[in-house]
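Analysis of the macromolecular model
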Amino acid sequence: QKEVEQNSGPLSVPEGAIASLNCTYSDRGSQSFFWYRQYSGKSPELIMSIYSNGDKEDGRFTAQLNKASQYVSLLIRDSQPSDSATYLCAVIRGGGSYIPTFGRGTSLIVHP
Amino acid sequence: KAGVTQTPRYLIKTRGQQVTLSCSPISGHRSVSWYQQTPGQGLQFLFEYFSETQRNKGNFPGRFSGRQFSNSRSEMNVSTLELGDSALYLCASSAGTAGTDTQYFGPGTRLTVL
């Protein structure tokens with residue numbers, strides 16, 4: 001059973017809208033959470049990391065973490081066609097051992 | 001500053017052969033992690049090296065091995081190739097602890113096993 005779940009999509013939103021991407025995880029001991037963006041044919045690039053409950057904002061991106069409910073989400077405000085990509089959620093248990101588990105990604109399409 | 005480089009970019013092998021992939025991290029980075037990405041399984045962690053020592057290892061068979069040199073460059077070796085080893089192999093480097101420091105991915109090596 002996959003430990004990190006994401007809706008594969010595609011999630012289609014109009015330009016200027018808010019895109020909401022969700023990720024759930026099964027390991028309650030998870031401590032570090034990451035969102036990566038991967039354009040087609042390219043490598044993943046880190047866009048957000050979050051370690052404590054609540055919201056973390058960086059420009060148009062907001063990561064939200066709820067450890068009690070075991071989910072982490074990524075909001076993209078004022079979505080642009082250039083945001084069209086696959087978004088990967090990664091979770092690390094921590095405790096001295098760094099072994100990230102990735103979700104399979106959500107494909108986001110922002111149409112003009 | 002130059003990014004993470006991987007060589008070769010594309011590779012075609014046949015079952016039973018072995019292959020060695022190379023990764024040069026960003027200058028000053030001491031951690032190198034290796035990943036396998038396939039459409040079916042997604043992105044999976046293989047192992048991480050820091051200062052020439054394997055620090056973490058994912059759930060892959062012993063056919064997958066790696067090493068890191070004193071200049072932080074890393075190699076990954078896959079022996080007795082199987083069809084299922086066809087994948088994009090990515091390496092990523094970070095300055096320190098991969099769990100908290102930003103990882104920067106290389107362009108990947110596309111391995112095809114026939």
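Here we summarise the structure given alongside this text. (Residues numbered from 1 in each chain as written. Chains lettered and ligands numbered in written order. Predicted model: local features only at pLDDT ≥ 70, side-chain atom pairs only at ≥ 80, totals over all residues. Heavy atoms only, no water.)

Regarding the nonpolar core
Proteins that are soluble and globular tend to have nonpolar side chains buried together. Judged by nonpolar contacts, the single largest core of 23 residues is most densely connected at Trp35(A), Val72(A), Leu74(A), Ile76(A) and Tyr87(A). Those elements giving two or more residues to this core turn out to be strand S3 (19-25), strand S4 (32-38), strand S5 (45-50), strand S7 (61-66), strand S8 (71-76), strand S9 (85-94) and strand S11 (106-111) of chain A. When residues no more than four places from it in sequence are discounted, the contact partners of Tyr87(A) are Gln6(A), Leu21(A), Trp35(A), Tyr36(A), Arg37(A), Ile47(A), Leu74(A), Ile76(A), Gly105(A), Thr106(A) and Leu108(A). Judged by nonpolar contacts, the second largest core, of 21 residues, contains Leu11(B), Trp34(B), Phe64(B) and Leu111(B). (Core = buried A, V, L, I, M, F, W, Y, C linked by side-chain atoms within 4.5 Å. Buried < 20%, exposed > 50% of the residue type's maximum accessible area, 1.4 Å probe, protein only. Helix = DSSP H or I, 4+ residues; strand = E, 2+ residues; numbered from the N terminus. Contact = heavy atoms within 4.5 Å.)

With respect to the pairing of S9(A)
Residue and element names in this part refer to chain A. Burial within S9 is extensive, with eight of its ten residues counted as buried. In this sheet, S9 lies alongside S4 in antiparallel orientation, the contact comprising seven bridges. Bridged to Ser-32 within S9 is Ile-92. Relative to strand S10 (residues 97-102), S9 runs antiparallel, the two sharing four bridges. Bridging across to S10, Ile-92 finds its partner in Pro-100. The hairpin turn running from S9 into S10, its antiparallel successor, is two residues long, and Gly-95 in that turn takes a positive phi close to 75 degrees. (Pairing = 2+ DSSP bridges.)

Here's the deal with the sheet that holds strand S6 (residues 54-58) of chain A
Residue and element names in this part refer to chain A. The strand order across the open sheet formed by five strands is S1-S3-S8-S7-S6, and the pairing between neighbours is antiparallel. Each having just a single partner strand, strand S1 (4-6) and S6 make up the two edges of the open sheet. Across the sheet, the axes of successive neighbouring strands diverge by a mean angle of 20 degrees, strand direction being ignored. Looking at chain direction, S6 and S7 are connected through five bridges and run antiparallel. Within the sheet, the bridge partner assigned to Asp-58 lies in S7 and is Phe-61. (Axes fitted to C-alpha atoms, helices over the stretch in contact; angles between N-to-C directions.)

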